[in-house]
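Residue strings, one per chain:
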Amino acid sequence: MKRFFSLFLVLFPLVASAQISNVPQDYFKDPLDIPLILSGTFGELRSNHFHAGLDIKTQGRQGLEVKASAKGFISRIKIQHYGYGKALYVQHPNGYTTVYGHLKKLAPKIEEYLKERQYNKESYEIELFPGATELQVEQGEVIAYSGNTGGSGGPHLHFEIRDGSQRPMNPEMFGIDIQDTRDPIVDGLFAYPIGEGAHVNNSANRQKLRLIPQNDGSYTTNALEACGEIGFGISTVDQKSLAPNKNGVYKIEASLNGSPVMNLDFQRFSFAESRYLNFLIDYEYYSNHRKRVQKLFKESNNPLSIYNGVVNEGKLDIEDGLDYNYVVEVTDFKGNSKTIRIPIKGNFSGEITPKDEIKTDYFTNYNETFSIEENGIDIYIPKNALYYDTFLDIEFMGDTVKVHHDDVALHKNITIGFDVSDIPAEEKEKMFIAQISKYGRPSYSTTYKKPTRFTTGTRSFGEYTLVSDVNPPSVRPVNFYDGQWISGNSDLKVKISDDLSGIQSFRATVNGKWILMEYEYKNNTLTHDFSDGVVTETENDFKLIVTDNVGNTNTYEAKFFRKN
Ligand SMILES: [Zn+2]
């Protein structure tokens, strides 16, 4: 049955979602005891992904009790430097899973379970899958304390509800109630000439349209003159009642002369498709203006499942001499909505400003591979790494290569290789492939080293070169010094950093025994909590080895004393 279902989705991804039925109501309770005020909604447009849950504000604090949303068992514990930081997954008897991210600490019995395994593995980062009988939890049981770990910009709880196939669903569909009486905000509207010879207001380029507010709260625009195949794009956000944060909207619908042409909503998606966000938005506009414009048309190679109904890929065929009325309606989960009416006059134009397009020698079809080699540098782009056919701008400049521009999105890794056979071994050892920012700053790109060739995989166009890092990471104690008595300290804190290639790993011991140090990359801090109970001697030799990405190491040693 399950196999049949997924086959169905593969064959009919565009009509699959429609309305999802049988979503249990009031099964899941709020995971926090405070009013639910959000800094992020489900499906919100983020960098390279759709937001998979709700970001619940925790009043600027950490350490709030996080409660199991329903009964079940802890099915996964994932601790990582980035991403969700410390995260718990609870599997429920009805097949759904809830996820709790950016936690500060886990509840005692779960924390004990985790630490035992971290000490066995001698690693802070770990992923565990406890069995169904190991860590059972009741609804409302405290399972953790809220925090700010991982890729979190301030204290909050990231909360998800996933279906039986681990696809995140909109928690508001389950009755998780978020106050919202405000209408969505529309802060940008664009028209796109798409087809050969198409124009909008006598131009083949994207046109920004002026929104004219109406008395009833809706918008209209001046009548467009257009001809040929065109489409639209919208920049829109939603504000909930209790916070000023600009969140994602729930639904966007477009119609032409009263007939629906495009409908998308954020009920559910899969992680495998999340990066196609870069195909939904006008990525070039986003790169240059930091504003995400969602296209209201979709190319045939866009597999996103958020669309419910798309006619003619959402594109309009405007004919000379005819009048059209295009209407966009944006709706939040509570049904507050904003309408925009766009009158279009079909008008053939003899004089069209041509497309701003720079033609180069390297034209690439998105569904074909591309490769090139020069000066000992090679580039390989697999098929479907690009979303569109593109004239690539490639320039070999000595030991540096410019691989197109970062305002074009890549879906898959491309490979860039450097011939290093002429570089002496001891120099090579300290070198890595770096991406050079537009301000000239190098950043480490994961480098695979073979004796004669270095390669890197990257999903970011830009300039790449070989850079050498000869300096080891730095280590600085924060709350102790060599030879000090620190009986009053509850923890041991050290700052670590690396100037060029970045921190690759660290290992801390006391009297030769491995100690757990939690790494918080946002403030470059390693912390050992003495309540782990592994520092038991009075006189202690602390040793910390920090290694950067080319293998430079710094070994820091200090003595400290503690009364036990
Ligand atoms: Zn989040």
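Here the structure is a predicted model, which means the values were calculated and not measured. (Residues numbered from 1 in each chain as written. Predicted model: local features only at pLDDT ≥ 70, side-chain atom pairs only at ≥ 80, totals over all residues. Heavy atoms only, no water.)

(A) Structural detail: the overall build of the protein. Helices and strands together make up the secondary structure of the protein, namely five helices and 47 strands. Relative to a compact globule of 564 residues, whose C-alpha radius of gyration would be 24 Å, the protein shows 27 Å and is just as compact. Counting only C-alpha atoms and orienting by the principal axes, one finds that the protein spans roughly 90 × 65 × 50 Å. Counting across all 564 residues of the protein, residues that qualify as buried make up 52%. Taking the contacts inside the protein whose residues are at least 6 apart along the sequence as the reference set, 69% of them involve residues at least 24 apart. Carbon and sulfur atoms provide 48% of the accessible area of the protein, an area that totals close to 26000 Å². Of the side chains in the protein, 61 bear a positive and 74 a negative charge, and the two mean positions are spaced by 5 Å. (Helix = DSSP H or I, 4+ residues; strand = E, 2+ residues; numbered from the N terminus. Rg over C-alpha atoms; globule rule 2.2 N^0.38 Å. Buried < 20%, exposed > 50% of the residue type's maximum accessible area, 1.4 Å probe, protein only. Contact = heavy atoms within 4.5 Å. Areas by Shrake-Rupley, 256 points an atom, 1.4 Å probe, with all protein chains shown as cover. Lys, Arg positive; Asp, Glu negative; His and termini not counted. Charge placed at Lys NZ, Arg CZ, Asp CG, Glu CD.)

(B) The arrangement of the coordination of the zinc ion in detail. Donor atoms from the polypeptide that bind the zinc ion are His51 (NE2), Asp55 (OD) and His158 (ND1), placed at 1.9 to 2.2 Å. Taken in sequence order, the residues that donate to the zinc ion follow the motif H-x3-D-x102-H. For the pair shown, histidine 51 and aspartate 55 are each scored as buried. (Donors = N, O, S within 2.8 Å, 3.2 Å for Na, K, Ca; no water.)

(C) Spatial organisation of the confidence of the model for the protein. Averaged over all residues, the pLDDT of the protein is 95; the fraction at 70 or higher stands at 97%. In the model, residues 1-17 has pLDDT below 50 throughout and makes 13 contacts with residues more than four positions away in sequence or in other chains. (pLDDT = per-residue confidence, 0-100.)

(D) Examining the packing of aromatic side chains more closely. As enumerated under the stated definition, the model contains 28 aromatic pairs in all. Seen in terms of ring centroids, tyrosine 362 and phenylalanine 370 are 6.2 Å apart; in terms of plane orientation they differ by 75 degrees. Their pairing is edge-to-face. Taking the centre distance of 5.9 Å and the plane angle of 90 degrees together, the rings of phenylalanine 480 and phenylalanine 542 count as edge-to-face. With phenylalanine 480 in the loop between strand S39 (474-477) and strand S40 (484-485) and phenylalanine 542 in strand S46 (residues 539-548), this residue pair connects regions lying 62 residues apart in the sequence. Residues phenylalanine 480 and phenylalanine 542 agree in their burial class; the two are buried. The ring of tyrosine 286 is capped by arginine 290, whose NZ or CZ atom sits 4.5 Å from the centre of that ring. (Phe/Tyr/Trp six-rings, centres within 6.5 Å; stacked < 30°, edge-to-face > 60°. Lys NZ or Arg CZ within 6 Å of the ring centre and 35° of its normal.)

(E) Structural detail: helix H2 (residues 108-121). Relative to the 20 Å expected for 14 residues at 1.5 Å per residue, H2 spans 20 Å between its end C-alpha atoms, a close match to the ideal helical length. Looking at H2, one finds that the buried residues are Ile110, Glu111, Tyr113, Leu114, Lys115, Gln118 and Tyr119. In the stretch just after H2, glutamate 122 is the one whose phi turns positive, near 55 degrees. (Expected span 1.5 Å × (residues − 1).)

(F) Representation of the UniProt feature "domain: M23ase beta-sheet core" (unreviewed entry) in the protein. As annotated by UniProt and renumbered to match this structure, "domain: M23ase beta-sheet core" (unreviewed entry) occupies residues 50-115 and 136-171. Taken end to end, residues 50-115 is 12% helix and 48% strand, and its first and last C-alpha atoms sit 32 Å apart. Secondary structure within residues 136-171 divides into 0% helix and 44% strand; the distance between the first and last C-alpha atoms comes to 22 Å. (UniProt positions renumbered as here; feature names shortened; annotations may be inferred.)

(G) Expanded view of the nonpolar core. By size, the foremost hydrophobic cluster in this structure holds 65 residues, and its most contacted members are Ile77, Leu88, Ile143 and Phe542. Ranked by residue count, the leading element in this core is H2, at four residues. Two domains each put at least three residues into this core: domain 1 (37-174) and domain 4 (474-561). Apart from residues no more than four positions distant in its own chain, isoleucine 77 is found in contact with Ala87, Leu88, Leu106, Ile110, Tyr113, Leu114, Ile126, Glu127, Leu128, Pro130 and Leu135. Membership of the second largest hydrophobic core comes to 52 residues, among which are Val200, Ile252, Phe269 and Ile281. (Core = buried A, V, L, I, M, F, W, Y, C linked by side-chain atoms within 4.5 Å. Domains from an automatic or database assignment.)

(H) Representation of the pairing of strand S37 (residues 453-458) in the model. Bridge count for strand S33 (residues 414-419) against S37 is six bridges, and the pairing is antiparallel. Along S37, the bridge assignment pairs threonine 415 with glycine 457. Pairing analysis gives three bridges linking strand S36 (residues 447-449) to S37, with the strands arranged antiparallel. Paired with lysine 449 across the strands is phenylalanine 454, a residue of S37. Taking the residues that link successive antiparallel strands as the turn, the S36-S37 hairpin has three residues. (Pairing = 2+ DSSP bridges.)

(I) Quick peek at the environment of aspartate 406. With respect to the helices and strands, the residue aspartate 406 is situated in the loop between strand S32 (400-403) and S33. Taking relative accessible area as the criterion, aspartate 406 reaches 45% and is therefore assigned partly exposed. As for aspartate 406 and serine 437, which are separated by 31 residues in sequence, their C-alpha atoms are 9.8 Å apart.

(J) The arrangement of the domain arrangement of the protein in detail. Here the protein is described as being made up of domain 1 (37-174), domain 2 (185-346), domain 3 (362-468) and domain 4 (474-561). For domain 2 versus domain 3, the separation of C-alpha centres amounts to 35 Å. When domain 2 packs against domain 3, close to 970 Å² is buried across both sides, 52% of that on carbon and sulfur atoms. Broken down residue by residue, the surface that domain 2 buries against domain 3 is led by Arg275, Tyr283 and Asn301, which jointly contribute 50%. Here domain 2 and domain 3 share six residue pairs in polar contact (both at pLDDT 80 or more) between them. Where the side of domain 2 that touches domain 3 is concerned, the elements lending two or more residues are helix H3 (277-280) and helix H4 (283-289). (Buried area = accessible area lost by both parts, 1.4 Å probe. Polar contact = N/O pair within 3.5 Å; in protein donor to acceptor, adjacent residues only side chain to side chain.)

(K) Up close: a negative patch on the surface. Taken together, Glu373, Glu374, Asp419 and Asp422 make up a surface patch of like negative charges. Assignment of secondary structure puts glutamate 374 in strand S28 (residues 370-374). (Patch = residues over 30% accessible without salt bridge, like charges linked within 9 Å, V, L, I, M, F, W, Y side chains within 5 Å. Salt bridge = Lys/Arg side-chain N within 4 Å of Asp/Glu carboxyl O.)

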